[in-house]
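Residue strings, one per chain:
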Amino acid sequence: MGPHPAVAAIRLAVRRVLHDILTDHEALQTAGASRHTSHERPPSPLVLVACSGGADSMALASALAFEAPKLGIRAGGITVDHGLQAGSDLRADEVVLRLRELGLDPVEATSVTVGREGGPEAAARDARYAALDACAARHGAAAVLLGHTRDDQAETVLLGLARGSGIRSLSGMAAVSGADGRYRRPFLQLDRQTARKACMVQSLPVWDDPHNADPAYTRSRLRHEGLPALEKALGKGVVEALARTAQLSRDDADALDTWASQAEASVRDATGLLECAKLYALPPAVRRRILRRAAIKAGAPAGSLFARHIEEVDRLITGWRGQGAINLPGKVVARRQGGRLVIRQG
């Protein structure tokens, strides 16, 4: 008799991702084969799971522990203590113990200091990813697995829609992201209940973060009030539809990004400045991508650069009436001078 359907589903999702990681790793090893002598055996890749102790990440950790040895992959884990709740250090120690009981090694807990920039959720996310990046680099990990589910994807799409963001924001979370494809999300096609069921049938203890039920947090309100209201009004299937929208939006956004990258050289003069007339001739979606890339290159933080900022800069191209400079995040300034668009700090 095989495993429970929920367990089988999470294992299959992880197995597919591990095969991709192994393929990428072997390609890198082949490319660097000249650096090894014939007597050296290339090390097997290390894959870490980021685990909070919640159902999603515990299900992911259990599947990684089961599948990785069969592929010759080393499997470890990391939990991040944000220090936002009393006893969070004890919770982190408990997660480390659970991961070690699953057979993962190396396993560690790391503490971070959460700032205030961008709000509590964004600040915690930034601190968490910085810690995960540092841990992956320290251990030489080939990848870090994240337990985001289809439900998380649907919430991300709705949050982007509420902010009036562009198609890139509506594309939600990528299955592969980060430097060199470091972050992998095996569960984006699985719902949250599947992960929780997998934990239950395997008798895996899980921790329910009280912040996930705290109405002070936007995502929590969306999860417990917004999505249920949408399903009541529109019927079941809203989560699946939003996740599908994310994938379609991502495909479109990738195509437009490629177009903008290819078109950028053609709208710059010999000195590298953007020519307003040539920018004006481009489709708005392509032109605004070029403007965003230019602003980020000049020093504007990508996470603080919103659609409204780019729209203001775009009006220097499409609605020129002699208006003054546009101030952007990161002390970057955009101004029109003699038919050219100048974007630089200060």
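Residues numbered from 1 in each chain as written. Predicted model: local features only at pLDDT ≥ 70, side-chain atom pairs only at ≥ 80, totals over all residues. Heavy atoms only, no water.

1. With respect to the overall build of the chain
Alright, step 1. When its secondary structure is counted, the chain shows 12 helices and 10 strands.
Alright, step 2. The dimensions of the chain, computed from C-alpha atoms along their principal axes, are 70 × 60 × 40 Å.
Alright, step 3. Counting over 346 residues, the chain shows a buried share of 44%.
Alright, step 4. In the chain, 67% of the contacts between residues at least 6 apart in sequence involve partners at least 24 apart.
Alright, step 5. Surface exposure of the chain reaches about 18200 Å², of which carbon and sulfur atoms provide 53%. (Helix = DSSP H or I, 4+ residues; strand = E, 2+ residues; numbered from the N terminus. Buried < 20%, exposed > 50% of the residue type's maximum accessible area, 1.4 Å probe, protein only. Contact = heavy atoms within 4.5 Å. Areas by Shrake-Rupley, 256 points an atom, 1.4 Å probe, with all protein chains shown as cover.)

2. A look at the packing of helix H2 (residues 55–67) against helix H7 (residues 192–201)
Alright, step 1. Direction vectors running N to C along H2 and H7 enclose 60 degrees, while the axes themselves pass 8 Å from each other. The angle between H2 and H7 places the two elements in the oblique class. For H2 against H7, the interelement crossing comes out left-handed. Along the contact surface, H2 presents Ala 55, Asp 56, Met 58 and Ala 59, while H7 presents Arg 192, Ala 195, Arg 196, Ala 198 and Cys 199. (Axes fitted to C-alpha atoms, helices over the stretch in contact; angles between N-to-C directions. Parallel < 35°, antiparallel > 145°, perpendicular 65-115°, else oblique. Left-handed = near helix turned anticlockwise from the far one by under 90°.)

3. Observations concerning the sheet that holds strand S6 (residues 183–184)
Alright, step 1. Ordered in space as S3-S2-S1-S4-S6-S5, the 6 strands form an open sheet in which the pairing is mixed. Two strands bound the open sheet, and with one partner strand each, they are strand S3 (107–111) and strand S5 (176–177).
Alright, step 2. Across 5 bridges, the pairing between strand S2 (residues 74–81) and S3 is parallel. Residue pairing in the sheet places Gly 77 in a bridge with Val 107 of S3.
Alright, step 3. Of the strands in this sheet, strand S1 (46–50), S2 and strand S4 (143–145) touch H2, which is tilted by about 160 degrees from S1. (Pairing = 2+ DSSP bridges.)

4. A look at the nonpolar core
Alright, step 1. Counting 36 residues, the largest nonpolar core has Leu 18, Leu 64, Leu 104, Leu 145 and Phe 187 as its most contacted members.
Alright, step 2. Those elements that provide at least two residues to this core are helix H1 (5–31), S1, H2, helix H3 (88–101), S4 and H7.
Alright, step 3. With 9 residues, H1 is the single largest residue contributor to this core.
Alright, step 4. Ignoring any residue separated from it by four or fewer positions in sequence, one finds Leu 145 in contact with Val 14, Val 17, Ile 21, Val 47, Leu 48, Val 49, Ala 50, Leu 60, Leu 64, Arg 184 and Pro 186.
Alright, step 5. Grouped together as the second largest cluster of nonpolar side chains are 26 residues, Ile 317, Val 332, Leu 341 and Ile 343 included. (Core = buried A, V, L, I, M, F, W, Y, C linked by side-chain atoms within 4.5 Å.)

5. So, the side chain of Gln 153
Alright, step 1. Here Gln 153 is to be found in helix H5 (residues 150–162).
Alright, step 2. Taking the relative accessible area as the measure of exposure, Gln 153 reaches 5% and is therefore buried.
Alright, step 3. Polar contacts involving the side chain of Gln 153 include one to the main-chain amide nitrogen of Met 173, which spans 2.6 Å.
Alright, step 4. Beyond its immediate chain neighbours, meaning those up to four positions away, Gln 153 contacts Ser 171, Gly 172, Met 173, Leu 188, Ala 243 and Ala 246. (Polar contact = N/O pair within 3.5 Å; in protein donor to acceptor, adjacent residues only side chain to side chain.)

6. What to know about the side chain of Arg 182
Alright, step 1. Relative to the helices and strands, Arg 182 is located in the loop between S5 and S6.
Alright, step 2. Classification of Arg 182 by relative accessible area gives buried; the value is 18%.
Alright, step 3. Those residues in contact with Arg 182, other than ones at most four positions away along the chain, are Asp 133, Ala 136, Ala 137, Ala 142, Ala 143, Val 144 and Ser 177.

7. Observations regarding the sheet that holds strand S8 (residues 326–328)
Strand pairs in the sheet, formed through backbone hydrogen bonds, run parallel or antiparallel to each other.
Alright, step 1. The strand order S7-S10-S9-S8 describes an open sheet built from 4 strands, whose pairing is antiparallel. Each edge of the open sheet is held by one strand with a lone partner, namely strand S7 (274–275) and S8.
Alright, step 2. Where S8 meets strand S9 (residues 332–337), 3 bridges bridge the pair, whose relative direction is antiparallel. Note that in S9 the partner of Asn 327 across the bridge is Val 333.
Alright, step 3. In the packing of helix H11 (residues 284–298) onto the sheet, contacts are made with S7, S8, S9 and strand S10 (340–345), and the angle to S10 comes to roughly 35 degrees.

8. A few points about the packing of H1 against H2
Alright, step 1. Two elements in contact, H1 and H2, have axes whose closest approach is 9 Å; the angle formed by their N-to-C orientations is 60 degrees. Between H1 and H2, the interaxial angle falls into the category oblique. Our pair here, H1 against H2, has a crossing hand that is right-handed. Contact residues: H1 offers Ile 10, Arg 11, Val 14, Arg 15 and Leu 18, while H2 offers Ala 59, Leu 60, Ser 62, Ala 63, Leu 64, Phe 66 and Glu 67.
Alright, step 2. Its residues placed into classes, the contact of H1 with H2 shows 8 nonpolar, 1 polar and 3 charged. (Nonpolar A, V, L, I, M, F, W, Y, C, P; charged D, E, K, R; others polar.)

9. With respect to the state of the cysteines
Alright, step 1. Enumeration over the complete set of coordinates arrives at 0 disulfides.
Alright, step 2. Here Cys 135 is not disulfide-linked; the sulfur of Cys 51 is the nearest cysteine sulfur, at 13 Å. (Disulfide = S-S within 2.5 Å.)

10. Let's talk about the pattern of salt bridges
Alright, step 1. What the rule picks out here adds up to 25 salt bridges.
Alright, step 2. In this structure, the salt-bridge partner of Glu 155 is Arg 192, at a minimum N-O distance of 3.1 Å. Separated by 37 residues along the polypeptide, Glu 155 in helix H5 and Arg 192 in helix H7 bring together distant segments of the chain.
Alright, step 3. One salt bridge connects Arg 287 with Asp 314, and the closest N-O pair in it is separated by 2.6 Å. Taken together, the positions of Arg 287 in helix H11 and Asp 314 in helix H12 (residues 307–318) put the pair 27 residues apart, joining distant regions of the chain.
Alright, step 4. A relative accessible area of 4% means that Arg 287 is categorised as buried.
Alright, step 5. Judged by relative accessible area, which is 2%, Asp 314 ranks as buried.
Alright, step 6. Several salt bridges converge on common partners, so that one network encompasses Asp 152, Glu 155, Arg 192, Arg 219 and Arg 223. (Salt bridge = Lys/Arg side-chain N within 4 Å of Asp/Glu carboxyl O.)

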